[in-house]
Amino acid sequence: MRRFLVAGNWKMNTDRASGSALAGALAENSPSEEAGVEVLVCPPFTGLESVGRAIDGSAVQLGAQDVYFEPGGAFTGEISVEMLTDAGCGYVIIGHSERRNVLGEDDEVANRKVKAALAGGLKVVLCVGELLSQREAGNTEWVLDLQMAGSLADISEDDAKNIVIAYEPVWAIGTGVTATTEQAESAHLHLRNWVSGHYNSEFADQLRILYGGSVKPDNAEALMSQPNVDGALVGGASLKPDLFIPIIDAARSLANG
Ligand code: PGA
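In this text the structure is predicted, and so the values were computed from the model without any measurement. (Residues numbered from 1 in each chain as written. Predicted model: local features only at pLDDT ≥ 70, side-chain atom pairs only at ≥ 80, totals over all residues. Heavy atoms only, no water.)

This part is about the pattern of salt bridges. Counted according to the given criterion, the structure contains 18 salt bridges. Among the salt bridges present, the one from Arg2 reaches Asp230, with a minimum N-O distance of 2.8 Å. Placement of Arg2 in the segment before strand S1 (4-9) and of Asp230 in the loop between helix H11 (217-224) and strand S8 (231-234) is noted, with a sequence separation of 228 residues between them. Across the pair Arg3 and Glu38 runs a salt bridge, and its minimum N-O distance is 3.8 Å. On the criterion of sequence distance, the pair formed by Arg3 in the segment before S1 and Glu38 in strand S2 (residues 37-42) is long-range, its members being 35 residues apart. On the accessibility criterion, Arg3 (25% relative accessible area) is partly exposed. By relative accessible area, Glu38 is classed as buried at 5%. Bridged by salt links that share partners, the residues Arg3, Glu33, Glu38 and Arg208 form one connected network. (Salt bridge = Lys/Arg side-chain N within 4 Å of Asp/Glu carboxyl O. Helix = DSSP H or I, 4+ residues; strand = E, 2+ residues; numbered from the N terminus. Buried < 20%, exposed > 50% of the residue type's maximum accessible area, 1.4 Å probe, protein only.)

See below:
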């Protein structure tokens, strides 16, 4: 049985005070480890320390939204894996569509980041997903295959055990348009089959694949009840406890149901 992961991607939102308040509410809601559900928050870099303090002693995990692949040196503006682990992070999001499409990152960059993060002991939430034009052209699966092959190039099964995939159709991110449960399940199944072919079926069975893109309290349960959907990567709705906690609760009721 795969454990659900409900992850909040705060993007470029929150300051130290609002981030700590939000994290504190989540910590109160997740005081101790649960067998069926893991909760993760990914604040901006400037909030890692204060959010880390707010969730200290609770079951909420800390992650970052990006990382650079070089270990240190003259890379103005970048943050290394070691800086993130030093700040208390256990996870890092890599290859988010906003990194790919706004900041121009490609699969090769994502691959270097994934390798550096895994080598430094971070778990990775690797994002993949197609643009609307790619879906409309019937190229969704082809795009996903390219992103998976590029981002996971030369990564062993042993290392890949610390990876979670997030399927995030770009047209569903921040738009209020959610993939239908059928669209999500079909993409997730495709991704799992890719992993099975590239690694093996036992590993594919264990790998968690999250859905992301306008996840809200009213669609979370239907999405996460799909056989190949193992949790959610939540943007907008992760910024409010009264929206994010019901999404965690949906995972809880499915896990315990
Ligand atoms: P959204 O963002 O929930 O606001 O659509 C999801 C994401 O980008 O991870």
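Let us now look at the side chain of Ser238. In this fold, Ser238 is placed in the loop between S8 and helix H12 (241-256). On the basis of relative accessible area, Ser238 is assigned to the buried category, the value being 0%. Look past the residues within four positions of Ser238 in its chain and what remains in contact with it is Gly8, Asn9, Trp10, Leu22 and Phe244. (Contact = heavy atoms within 4.5 Å.)

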